[in-house]
Amino acid sequence: MLRISLSTLAIVSVASLAIAASPIADRQALMKANGGATKALVGMMKGETAFNLDAVKKALTTYQQNADSFIALFPEGSDKGEKTSASPKIWSDMAGFKAANDKFKADATAALAAITDEASFKATVPGVLKNCGACHEAYRLKD
Amino acid sequence: MTRIVSLVCAVVLLGATAFYALTTPEAYTALRGDHAHQPTRARDLENGQTLFHAGGCASCHAATDDESRTHLSGGKPLVTPFGTFYPPNISPDPDDGLGGWTEAQFIRAMREGTAPDGRPYYPAFPYTSYRGMTADDAADIFAYLKTLPALKGRAAEHQLAFPFSLRRGVALWKLAFLSNTVIAKDPKQSEAWNRGHRLVEGVGHCGECHTPRTIAASLDRSRAFAGAPALEGKGFAPNLTPHETGLQSWSSDEIASLLKDGFTPDADSVGGSMADVVRNTSTLTDADRLAMATYLKSLPPIPSVKPKSVTP
């Protein structure tokens, strides 16, 4: 009986560890998706790839959707892990972190409505991309 | 017994006298030589502005609420393992800033780390790298600073742990570790390389974060630019050498591009204090950013060594 409960305990602990560790992996996967979207936008900004309105909309939609699920991936206690460069400031200043995410989503949403051609793309997208550096400066440790 | 006491007293007195003598600003000038303190040409305000940005002056000295980054009444405190540094007012205010300074005093501050009153500066002010610039370059920065708004306000005193709180001791550290030679031109290398050399090693002071430090907190030149644990907290300033753990796979254009818009080739946006560095380097010319990249690509490749405790 004792043996069973011990092994149950072990399984439960392992399972809870796995759950506790997943937000880090999830948010990193999400950031990777954002990175892919950014790569497409930056490539067009620099003229390395041709302007493509559909690709722009797809990238901005990725930002929008990811912003919706982003904050939930930073639960209390997920500040520590082998491979996170999330800054402790996220948890000490959750309100500021949420506000930065909201601004990012609002800028992406506004850009989706504003961009109709290459000229409006080049005028609008740099403002959206400023969110990346601003948020990383405050809430990510350098790596 | 009396003899032993007098002997101990004599040794202590001698030691104190030697410490006092070695930590005077004159000792540094005498032992390290007073090189390159005389400007050789007329002031160039445009060069001063460029070097002001390349040197990241605003990153520490601009008021935190100042979007223009030209209100230099002092910025946010710099928290380090040695204690907390409060960046001073370097606006041209005659009382609180450097409005009352002479050009020679400014050049000495930048190149020797000595304040007008003779006290040594803590190397949180990166004169350890700035010393590589010429007197002309330093004088141009001074001339540019004088064109910015004069503002009131004095920074708080630095809050440092013992023994770092003994400011005079910094003078000994300077004698031991601070070279004061100007970065020399290498005629075998291209103009771009030489420009990059001056920007990266001198005014840009990249090594202050990206080169690891010895136990005495001096830069470990044998591992120049191989990456180092962040001084102001967790994190790691990456390896900039062309090693596989550094920038080997990056082209010069990609490095220059990061300095312009903050994006890595994978479209990741740099974080931590590098985001602020990019705010400075984004104002430089494409040619200057490419020059910095050219120099970095020419460095000997050195593998990164990340301490276990450092977040990857």
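What you see as residue numbers is a count from 1 along each chain, following the sequence as written. To label them, take the chains in the order written and letter them from A, then take the ligands in the order written and number them from 1. In view of the model being predicted, local features appear only for residues whose pLDDT reaches at least 70, and side-chain atom pairs are presented and counted only at 80 or more, with totals across whole chains, interfaces and linings using the full set of residues. The basis for the side-chain values is all heavy atoms of the structure; hydrogens and waters are excluded.

Q: I keep staring at the overall build of chain B and nothing clicks. Help me out?
A: What counts as a helix is a DSSP run of H or I of at least four residues, what counts as a strand is a run of E of at least two, and both are numbered from the N terminus. Each helix and strand counted, chain B has 13 helices and five strands in total. Here the globule rule reads 2.2 Å times residues to the power 0.38, and the radius of gyration is calculated from C-alpha atoms. The C-alpha atoms of chain B give 20 Å as radius of gyration, which agrees with the globular expectation for 312 residues (20 Å, within 12%). In terms of overall dimensions, chain B has a C-alpha envelope of 75 × 45 × 40 Å along the principal axes. Whether two residues are in contact is decided by their heavy atoms, any of which lying within 4.5 Å being enough. Intrachain contacts of chain B at a sequence separation of at least 6 include 64% that bridge at least 24 residues. Approximately 15,200 Å² of chain B is accessible, and the part contributed by carbon and sulfur atoms is 61%. In summary, the charge assignment counts Lys and Arg as positive and Asp and Glu as negative, without counting His or the chain termini. Working definition for charges: the position is that of NZ of Lys, CZ of Arg, CG of Asp or CD of Glu. Separation of charge centres in chain B, based on 30 positive and 32 negative side chains, amounts to 7 Å. Residue burial considers only the protein chains on display, and all accessible areas are found by Shrake-Rupley using a 1.4 Å probe.

Q: Before we go on, may I ask you to explain the packing of helix 1 (residues 2–22) of chain B against helix 8 (residues 168–177) of chain B in this structure?
A: The geometry of a pair of packed helices is captured by two quantities: the angle between their axes and the separation between those axes. Residue and element names in this part refer to chain B. Note on definitions: angles span 0 to 180 degrees between N-to-C directions of axes, and those axes are lines fitted to C-alpha atoms, for helices only across the stretch in contact. Relative to each other, helix 1 and helix 8 sit at 70°, their axes nearing to 9 Å. For the element pair helix 1 / helix 8, the angle class is roughly perpendicular. On helix 8, the residues that touch Phe 19, Tyr 20 and Leu 22 of helix 1 are Arg 168, Gly 169, Leu 172 and Leu 175. When residues are sorted by character, Ala, Val, Leu, Ile, Met, Phe, Trp, Tyr, Cys and Pro go into the nonpolar class, Asp, Glu, Lys and Arg into the charged class, and all the rest, Gly among them, into the polar class. A per-class count over the contact of helix 1 with helix 8 returns five nonpolar, one polar and one charged. By the definition adopted for this analysis, an angle is roughly parallel if under 35 degrees, roughly antiparallel if over 145, roughly perpendicular if from 65 to 115, and oblique otherwise.

Q: When you look at the domain arrangement of chain B in this model, what are you seeing that I'm missing?
A: The parts lose accessible area when they come together, and the size of an interface is often stated as this lost area. All names here are of chain B. Domain borders in the structure are assigned automatically or taken from a domain database. Entries for chain B in the domain assignment read domain 1 (10–177) and domain 2 (209–297). The C-alpha centroid of domain 2 is placed 24 Å from the C-alpha centroid of domain 1. Contacts between domain 1 and domain 2 engage twelve residues on the former and eleven residues on the latter. Carbon and sulfur atoms make up 58% of the surface buried where domain 1 meets domain 2, a total of about 1,000 Å² over both sides. Asp 276 serves as the salt-bridge partner of Arg 69, at 3.3 Å between the closest nitrogen and oxygen. Any N or O atom pair separated by 3.5 Å or less is treated as a polar contact, with the protein-specific requirement of one donor-capable and one acceptor-capable atom, and with residues adjacent in sequence counted only for side-chain atom pairs. Inspection of the region where domain 1 meets domain 2 yields five residue pairs in polar contact (both at pLDDT 80 or more). Those elements that place two or more of their residues in the side of domain 1 that touches domain 2 are helix 3 (45–54), strand 1 (78–80) and helix 8. Examining the composition of the side of domain 1 that touches domain 2, we find that three residues originate from one element, helix 3, more than from any other. A simple way to read buried area is as the amount of 1.4 Å-probe accessible surface that goes missing from two parts once joined, with both sides added. Salt-bridge detection follows one rule: a side-chain nitrogen of Lys or Arg within 4 Å of a carboxyl oxygen of Asp or Glu.

Q: Got a minute to help me understand the state of the cysteines in this structure?
A: Think of a disulfide as a covalent bridge from one cysteine sulfur atom to another cysteine sulfur atom. Residues and elements named next belong to chain A. In this description, the term disulfide denotes a pair of cysteine sulfurs within 2.5 Å. Following the criterion strictly, the structure yields zero disulfides over all chains and no others. The thiol of Cys 132 is unpaired, and the distance to the nearest cysteine sulfur, on Cys 135, comes to 8.9 Å. Exposure remark for Cys 132: the relative accessible area of 13% places this residue in the buried category. The buried label goes to any residue with under 20% of its type's maximum accessible area, the exposed label to any with over 50%, and the partly exposed label to all in between, with areas taken from a 1.4 Å probe on protein chains only.

Q: Is there a simple way to think about the nonpolar core in this case?
A: Taken as a class, soluble globular proteins show a tendency for nonpolar side chains to be buried jointly. With 44 residues, the main nonpolar core has Phe52(B), Ile141(B), Leu145(B) and Val203(B) as its most contacted residues. Mapped onto this core, the elements with two or more residues apiece are helix 3, helix 4 (57–61), helix 5 (103–112), helix 7 (135–145), helix 9 (191–203), helix 11 (252–261), helix 12 (273–281) and helix 13 (286–297) of chain B. It is helix 7 of chain B that provides the largest number of residues to this core, a total of seven residues. Per-domain counts for this core show at least three residues from each of domain 1 (10–177) and domain 2 (209–297) of chain B. Beyond its immediate sequence surroundings of up to four residues, Phe52(B) is in contact with Cys57(B), Ala58(B), Arg69(B), Leu72(B), Ile141(B), Tyr144(B), Leu145(B) and Leu148(B). In these notes, a set of buried Ala, Val, Leu, Ile, Met, Phe, Trp, Tyr and Cys residues joined through side-chain atoms within 4.5 Å is what counts as a nonpolar core. Residues Phe104(A), Ala111(A), Leu112(A) and Leu129(A) belong to the second largest nonpolar core, which totals 20 residues.

Q: Honestly, the interface of chain A and chain B in this entry has me stumped. Any pointers?
A: Facing the 19 residues of chain A at the interface are 26 residues of chain B. Summing both partners gives a buried area of about 1,800 Å² for chain A against chain B, and 53% of it is carried by carbon and sulfur. Between chain A and chain B we count three salt bridges in total. When the shortest N-O distance is used, the salt bridge between Arg279(B) and Glu137(A) registers 2.6 Å. Joining chain A to chain B, the criterion identifies nine residue pairs in polar contact (both at pLDDT 80 or more). Where the side of chain A that touches chain B is concerned, the elements lending two or more residues are helix 1 (2–46) and helix 5 (118–139) of chain A. Partitioning the side of chain A that touches chain B into residue classes produces five nonpolar, six polar and eight charged.

Q: Which parts of the structure should I look at to understand the confidence of the model for chain A?
A: Reading predicted coordinates in detail is not appropriate for stretches of low pLDDT. Think of pLDDT as the predictor's per-residue confidence, scored from 0 to 100. Confidence along chain A averages 86 in pLDDT terms, with 83% of residues attaining 70 or more. Under a pLDDT of 50 for its full length, residues 9–20 of chain A has, in the predicted model, zero contacts with residues more than four places off or in other chains.

Q: I would appreciate a short explanation of the packing of aromatic side chains in the present structure.
A: Any aromatic ring pair is given by two values, namely how distant the centres are and how the planes are angled relative to each other. Aromatic pairs are defined between Phe, Tyr and Trp rings, using the six-membered ring for Trp, whenever the two ring centres lie within 6.5 Å; interplanar angles under 30 degrees are classed as stacked, those over 60 as edge-to-face, and all others as tilted. Using the criterion set out here, one finds 17 aromatic pairs over all chains in the structure. Between Phe82(B) and Phe164(B), the ring centres sit 4.8 Å apart and the planes meet at 80°, which makes this aromatic pair edge-to-face. Of the two residues, Phe82(B) sits in the loop between strand 1 and strand 2 (83–85) while Phe164(B) sits in the loop between strand 3 (159–160) and helix 8, which places them 82 residues apart along the sequence. Through a chain of ring-to-ring contacts, the aromatic side chains of Phe70(A), Phe74(A), Trp91(A), Phe97(A) and Tyr139(A) assemble into a single cluster. For the cation-ring pair, Lys174(B) lies above Tyr28(B), with the distance from its terminal atom to the ring centre recorded as 5.0 Å. Sitting over the face of the ring of Tyr127(B), Lys174(B) holds its NZ or CZ atom 5.8 Å from the ring centroid. Either the NZ atom of lysine or the CZ atom of arginine qualifies as a charge over a ring when it sits within 6 Å of the ring centre and within 35 degrees of the ring normal.

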